[in-house]
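So the chains spell out like this:
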Amino acid sequence: ARRYLGVIDAPTPAPAPPRQVGDRETFIATNILTEELVRVDAELQMIGDHIYLWVEAWQPFDEARLKALAQQFDSYVYEETRALWGSEALPGIDGDPRIHGLFASAVAGVTAYFQSDQSYPRAIAPVSNEREMFFFSLSGLNSTASIDSLASIIAHEFQHMIRYHQNPHGEVWLNEGLSEFTQSLLFGDASLAAQIFLNQPDTQLNNWSDDIALRTFDYGASLA
């Protein structure tokens with residue numbers, strides 16, 4: 001940021017205001033398939049002990065599933081993932097100990113992602129929403145996937161958030177392997193990626209494919 005943006009002293013964002021269900025904000029999200037930045041108007045639909053869940057405005061969603069997901073994160077994923085790997089940035093860039101999760105139709109190509117840029121002031125990362133957060137595909141929330149399956153994905157992304165705070169320069173293959181391991185340990189799932197890897201066991205461990213469609217092999221290799 002100093003070299004390319006001329007940033008000398010990045011201002012600290014103002015503390016987050018008190019939030020309540022029904023609040024509206026505009027976020028910047030990334031369509032992973034097209035790598036386009038998209039502005040998403042969203043409404044705060046759920047406030048948990050450790051997480052805020054936002055949903056793209058004017059889009060239908062299953063409120064019962066959203067509530068169950070917040071409860072699963074608060075009662076299980078949050079404490080168990082931290083017990084494994086340590087703490088995320090707390091209270092974080094926005095001064096709020098809760099993490100933010102955004103469900104948006106523009107999130108395509110993946111079910112969810114964590115982006116470390118969000119933890120920086122906009123003076124350093126112009127696309128930052130200036131809070132610790134995850135992004136989720138809205139279609140995943142409205143799918144028939146089990147709550148455990150969705151919570152498992154949150155555990156995967158939460159490991160990334162913690163890892164970034166604990167070791168921001170870690171190798172991608174190791175980081176992804178730890179996230180896959182977290183899912184397997186907390187939810188007892190035999191990783192599909194690991195099973196697929198057995199069909200291509202010579203997959204290079206530390207040089208991931210540029211093709212999203214081929215990365216399942218990479219995830220499997222990292223877990224294995």
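So, here is what we can say about the structure in this document. On a predicted model such as this, the values are computed, not experimentally measured, just so you know.

Description of the environment of Ala108
- For Ala108, the location among the structural elements is in the loop between β4 (99-104) and β5 (112-114).
- Once you skip the residues sitting within four places of it in the chain, Ala108 turns out to touch Asn31, Ile32 and Leu33.

Topic: helix α2 (residues 63-85)
- The terminal C-alpha atoms of α2 lie 31 Å apart, and with 23 residues this matches the ideal 33 Å at 1.5 Å per residue to within 8%.
- Along α2, the largest kink reaches about 45° and is centred on Phe73.
- For α2, the elements touching its buried residues are β2 (36-47), β3 (51-56), β4, α3 (138-141), α4 (147-166) and α5 (172-187).
- At the N-terminal end of α2, a side-chain oxygen is found 3.1 Å from the backbone nitrogen of Ala64, two or three residues along, and the residue is Asp62.
- Gly86, located one to two residues past α2, shows a positive phi value of around 110°.

Some thoughts on the nonpolar core
- Among the nonpolar cores identified, the biggest contains 29 residues, and Phe73, Ile99, Phe103, Phe134 and Phe158 are the most heavily contacted of them.
- Mapped by element, the contributors of at least two residues to this core are β3, α2, β4, β5, β6 (133-137), α3, α4 and α5.
- Setting aside residues no more than four positions away along its own chain, Ile99 makes contact with His50, Ile51, Tyr52, Phe73, Tyr78, Glu88, Glu132, Met133, Phe134, Phe158 and Met161.

Topic: the pairing of β4
- A large share of β4 lies buried, amounting to six of its six residues.
- On β4, burial covers both faces: Ile99, Gly101 and Phe103 on one face and His100, Leu102 and Ala104 on the other are all buried.
- When β3 meets β4, the two strands line up parallel, connected through five bridges. The partner of Val55 across the bridge, within β4, is Phe103.
- In terms of handedness, the path from β3 via α2 over to β4 forms a crossover that is left-handed.
- Two elements, β4 and β6, share five bridges in a ladder whose sense is parallel. Bridge pairing in β6 links Leu102 to Phe135.

Concerning the pairing of β3
- Most of β3 sits inside the fold, with six of its six residues counted as buried.
- Burial of β3 is two-sided: the residues Ile51, Leu53 and Val55 facing one way and the residues Tyr52, Trp54 and Glu56 facing the other way are all buried.

A closer look at empty space enclosed by the protein
- The final tally for this structure, using the stated rule, is two cavities of 30 Å³ or more.
- When its volume is computed, the largest cavity comes out at roughly 50 Å³.
- The wall of the largest cavity is formed by Leu69, Phe103, Thr111, Ala112, Phe136, Ser137, Gly140, Leu141, Leu150 and Ile153.
- Secondary structure elements with two or more residues in the lining of the largest cavity: β6, α3 and α4.
- Of the residues assigned to the lining of the largest cavity, the class counts are seven nonpolar, three polar and no charged.
- Computed from the structure, the second largest cavity encloses a volume of approximately 30 Å³.
- Lining the second largest cavity are Glu88, Ala89, Leu90, Pro91, Gly92, Asp96, Pro97, Arg98, Ile99 and Glu132.
- Among the residues making up the lining of the second largest cavity, the classes are represented as five nonpolar, one polar and four charged.

The rules behind each value
- Residues numbered from 1 in each chain as written.
- Predicted model: local features only at pLDDT ≥ 70, side-chain atom pairs only at ≥ 80, totals over all residues.
- Heavy atoms only, no water.
- Helix = DSSP H or I, 4+ residues; strand = E, 2+ residues; numbered from the N terminus.
- Contact = heavy atoms within 4.5 Å.
- Expected span 1.5 Å × (residues − 1).
- Bend = angle between axes of the 7 residues up to and from the residue.
- Polar contact = N/O pair within 3.5 Å; in protein donor to acceptor, adjacent residues only side chain to side chain.
- Core = buried A, V, L, I, M, F, W, Y, C linked by side-chain atoms within 4.5 Å.
- Buried < 20%, exposed > 50% of the residue type's maximum accessible area, 1.4 Å probe, protein only.
- Pairing = 2+ DSSP bridges.
- Right-handed = clockwise from strand over helix to strand, strands pointing away.
- 1 Å grid on protein atoms, 1.4 Å probe; cavity = no way out; pocket = protein on both sides within 12 Å on 5 of 7 lines; lining within 4 Å.
- Points joined across faces, edges and corners; volume = space filled by probe spheres on them.
- Nonpolar A, V, L, I, M, F, W, Y, C, P; charged D, E, K, R; others polar.

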